[in-house]
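Residues per chain are reported as follows:
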Amino acid sequence: MRSLEDELFPSTPGKVKIERTNMLNRQFYRCFASTSTMFLWALFLIALTASYLSFQSFVDSGHRYLNASWGGIQWEKQVRNSAQIQKQRGGGSGGFSVLVTGSAGFVGSHVSIALKKRGDGVVGLDNFNNYYDPSLKKARKSLLNKNGIFVVEGDLNDARLLSKLFDIVAFTHVMHLAAQAGVRYAMENPGSYVHSNIAGLVTLLEACKSANPQPSIVWASSSSVYGLNDKVPFSELDQTDQPASLYAATKKAGEEITHTYNHIYGLSITGLRFFTVYGPWGRPDMAYFSFTRNILQGKPITVYRGKNRVDLARDFTYIDDIVKGCLGSLDTSGKSTGSGGKKRGPAPYRIFNLGNTSPVTVPTLVSILERHLKVKAKKNIVDMPGNGDVPFTHANISLASREFGYKPTTDLQTGLKKFVKWYLSYYGYNGKIVD
Ligand SMILES: O=C(O)[C@H]1O[C@H](OP(=O)(O)OP(=O)(O)OC[C@H]2O[C@@H](n3ccc(=O)[nH]c3=O)[C@H](O)[C@@H]2O)[C@H](O)[C@@H](O)[C@H]1O
C-alpha cells in the first residue's frame, strides 16, 4: 500500500494512480489528499512569505546599519568630545559650544577652525553633496579633524539626527552655514534650493526651538536679497522684495522664516548678508576660482557685461573678514528666551551686511588674477544673460560696525594673492595643473 505521502507527491504531478479497492475509501483519500495538499501548500507559501519578509527586514536593517554614518556609542563620544569647551573667555561670557552646519564648506570650515582655536567647542555637520567636487570638502574635513573638530556626515533634513545631536550636547549656539549656494545654478536645479535653504532650514529651526536650552542662531543670508535694488550702498533698512534669482528668493524666505521662529518661540536669530566671499579653500563654482583654473589651463573665460556695456561689479569680501564678522555676531547674539518649544520673552532678531564696502568690477578682478598668475587670460566678453545675476553689489556696514566693531581689512589685491598662493599649493602648477 502506498503511503499518504506517495499520494500527495506523485512521481508525475497531476497524475495520481488510484489503486484502492473500495470506492468510498478512494474518494475519502482523494478528498483528504487534495485538502491536505492545499493545506500544506498554504503552509509552505506562508512560511516562504514570512522568511522572505524577515530576510528583507534583515537586509534593510543591515543596509541601514552599514550606510548609517551616525549613531553608536563611539560616535556619541566623538560628538561630546568635539563639543567640549576648551577655554572659558573672560567677562563672564564663558565659552561656546557651537554646532556648525555646512562645516566642510568654504565659510563653514574657516569659521569652525577659528572657533576651535579660541577655545570653543565645535561640532560640524555636512552632507558632502556633489554640487562641486566633494574631494575638496573631504580635504577641508581632514583639516577640521586635525584641529580636533568632529564632522558629522548627515543632512539638515534629517530631523532624527538633529534631535540626537541636541540630546547629546547642550549647544549654546548654532552657526548655520549649510546651504545650496550659487546664483545661476538655481535655473538648473531649483529643487536643491528648496531642499536645503527652505526645508532644511525649517527642520533645523524645529530642532532648535525644541532644544532645552535653546541655542542662539547665527546664519548665512546673502547680499543677493537686495536683488534689483539700485540704491547704493545697500543698507539693511532697504527694501528687499525684488529678488533676481531663486537663490536670492530662498535666502529672503529664510529671513522671513527665521523671523517667525524668533517671534513665536523666542529663538535669538542673527542673519548675515555675505557679499561675494572669496579666499583660500574657496568654492570652485565662483568666478574668481573658475577664472584662475581656466587661466592656468589656457582655457578661455567668459566675462559677463551689464546693460549699455557697463561692467559688472561686486563687493568682494575676503574670508578672514567674514570670519571676524561671524565670530562678532556669535559673541553679541544674546540668548534665546524659550525652552522646550515655549517662548518666555522677546529675543534678539538681527540682520547685518558683511561686505567689504569697496566694489570692484569683474574685468579688474581678471586683471588682478592675471598679474598674480603671470598668465594672460583669454577673455570672451558677453552680455549678461538673464540668469539671476545682478549688475553690482555694495555693502553699507555701519550696523555691523556699530554692533560688534566689524571692520574689513583685506582689499581684493591682497586677498587674491593669498588665494592664488593657496590654489597653487593645493592643486600644483609646474606648467601642469592637477585637478
Ligand atoms: O554675495 C552673495 O550673496 C553671492 O555671492 C556669490 O555670487 P556672485 O556674486 O554671483 O559670485 P560669482 O559667481 O563669483 O560671480 C561674480 C561676478 O562674476 C561674474 N561672472 C561669473 C561667472 C562667469 O563665468 N563670468 C562672470 O563674469 C558674475 O556675473 C558676477 O558679476 C556666491 O556665488 C553666491 O553663492 C552668493 O553667496
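If you look the protein up in an unreviewed UniProt entry, it shows as UDP-glucuronate 4-epimerase from Aquilegia coerulea. Annotation of the protein in UniProt includes, under Subcellular location (unreviewed entry), the sentence "Golgi apparatus, Golgi stack membrane". One UniProt comment on the protein, placed under Catalytic activity (unreviewed entry), says "UDP-alpha-D-glucuronate = UDP-alpha-D-galacturonate".

Undergrad: When you look at the site of the ligand in this model, what are you seeing that I'm missing?
TA: Of all residues adjacent to the ligand, which total 22 residues, the nearest are R184, S222, S223, T302 and D389. In the environment of the ligand, an oxygen atom lies 2.4 Å from a nitrogen or oxygen atom belonging to the side chain of R184. A distance of 2.8 Å separates an oxygen atom of the ligand from a polar atom in the backbone of T276. Across the complex, the protein chains shield 92% of the 700 Å² of accessible surface that the ligand would expose by itself.

Undergrad: Looking at this structure, how should I read the sheet that holds strand β3 (residues 150–153)?
TA: What links the strands of a sheet is backbone hydrogen bonding, and the strands pair in either a parallel or an antiparallel sense. Reading across from one edge, β3-β2-β1-β4-β5-β6-β11 is the order of the seven strands in this open sheet, with parallel pairing throughout. The sheet is open, and its two borders are formed by β3 and β11 (349–354), each paired with just one other strand. Each strand axis lies, on average, 20° off the axis of its neighbour in the sheet, ignoring direction. Note: strand β2 (residues 121–126) against β3, four bridges, orientation parallel. Across the sheet, V123 pairs through a bridge with F150, a residue of β3. Sitting on the sheet, helix α8 (residues 246–265) touches β5 (216–222), β6 (269–274) and β11, and the angle it makes with β5 is about 160°.

Undergrad: Sorry if this is basic, but what is going on with helix α4 (residues 106–117) here?
TA: Each full turn of the α-helix corresponds to 3.6 residues, which orients residues three or four apart in the same direction. Given a rise of 1.5 Å per residue, twelve residues ought to cover 16 Å, and the 17 Å separating the end C-alpha atoms of α4 matches this to within 8%. Extensive coverage of α4 is indicated by the burial of eleven of its twelve residues. All of the buried residues in α4 are F106, V107, G108, S109, H110, V111, S112, I113, A114, L115 and K116. Looking one or two residues beyond α4, the residue adopting positive phi is G119, at roughly 105°.

Undergrad: Is there a simple way to explain empty space enclosed by the protein in this structure?
TA: To find the voids left in a structure, one rolls a probe of water-molecule size over its atoms. Under the definition given, this model contains one cavity of 30 Å³ or more. Space inside the largest cavity adds up to approximately 50 Å³. Contributing to the lining of the largest cavity are H176, A178, A179, S196, N197, L201, W219, T250 and K251. Elements with a contribution of two residues or more to the lining of the largest cavity: α7 (190–210) and α8. Looking at which element gives the most residues to the lining of the largest cavity, the answer is α7, with three residues. Considered class by class, the residues forming the lining of the largest cavity number four nonpolar, four polar and one charged.

Undergrad: Honestly, the layout of surface pockets in this entry has me stumped. Any pointers?
TA: In this structure, the second largest pocket occupies an estimated 300 Å³ of space. Together, 17 residues line the second largest pocket, and T172, H173, S216, G334 and K335 are the ones closest to its centre. Per-class residue counts for the lining of the second largest pocket are five nonpolar, ten polar and two charged.

Undergrad: What exactly am I supposed to notice about unusual backbone geometry here?
TA: What is expected of a backbone is that most residues other than glycine have negative phi and most peptide bonds are trans. Look at the link from N212 to P213: it is a cis peptide, with omega at 5°. Here P213 shows up in the loop between α7 and β5. Positive phi is not limited to glycine here, since F128 has a value of about 50°. On the secondary structure map, F128 appears in the loop between β2 and α5 (134–146). Take F128: its relative accessible area is 8%, and that puts it in the buried class. Phi at K374 is positive, roughly 60°, even though this residue is not glycine.

Undergrad: Mind showing me how you'd approach the pairing of β11 here?
TA: Side chains on a regular strand alternate between the two faces of the sheet. In terms of burial, β11 is largely enclosed, as five of its six residues are buried. Summarising the sheet, β6 and β11 pair through six bridges and their orientation is parallel. Directly across from T270, in β11, lies its bridge partner R350.

Undergrad: Sorry if this is basic, but what is going on with the pattern of salt bridges here?
TA: In a structure, side chains of opposite charge can pair up when their charged atoms sit close to one another. Considering all chains together, one arrives at 17 salt bridges under this definition. In this structure, R118 engages D331 in a salt bridge whose closest nitrogen and oxygen atoms are separated by 2.8 Å. Taken as a pair, R118 in the loop between α4 and β2 and D331 in helix α10 (residues 319–331) lie far apart in primary sequence, 213 residues in all. Between E153 and K138 there is a salt bridge, and its shortest N-O distance comes to 3.4 Å. One end of the pair, E153, is in strand β3; the other, K138, is in helix α5, with 15 residues separating them in the sequence.

What counts and what doesn't
Residues numbered from 1 in each chain as written. Predicted model: local features only at pLDDT ≥ 70, side-chain atom pairs only at ≥ 80, totals over all residues. Heavy atoms only, no water. UniProt positions renumbered as here; feature names shortened; annotations may be inferred. Near = heavy atom within 4 Å. Polar contact = N/O pair within 3.5 Å; in protein donor to acceptor, adjacent residues only side chain to side chain. Areas by Shrake-Rupley, 256 points an atom, 1.4 Å probe, with all protein chains shown as cover. Pairing = 2+ DSSP bridges. Helix = DSSP H or I, 4+ residues; strand = E, 2+ residues; numbered from the N terminus. Axes fitted to C-alpha atoms, helices over the stretch in contact; angles between N-to-C directions. Contact = heavy atoms within 4.5 Å. Expected span 1.5 Å × (residues − 1). Buried < 20%, exposed > 50% of the residue type's maximum accessible area, 1.4 Å probe, protein only. 1 Å grid on protein atoms, 1.4 Å probe; cavity = no way out; pocket = protein on both sides within 12 Å on 5 of 7 lines; lining within 4 Å. Points joined across faces, edges and corners; volume = space filled by probe spheres on them. Nonpolar A, V, L, I, M, F, W, Y, C, P; charged D, E, K, R; others polar. Salt bridge = Lys/Arg side-chain N within 4 Å of Asp/Glu carboxyl O.

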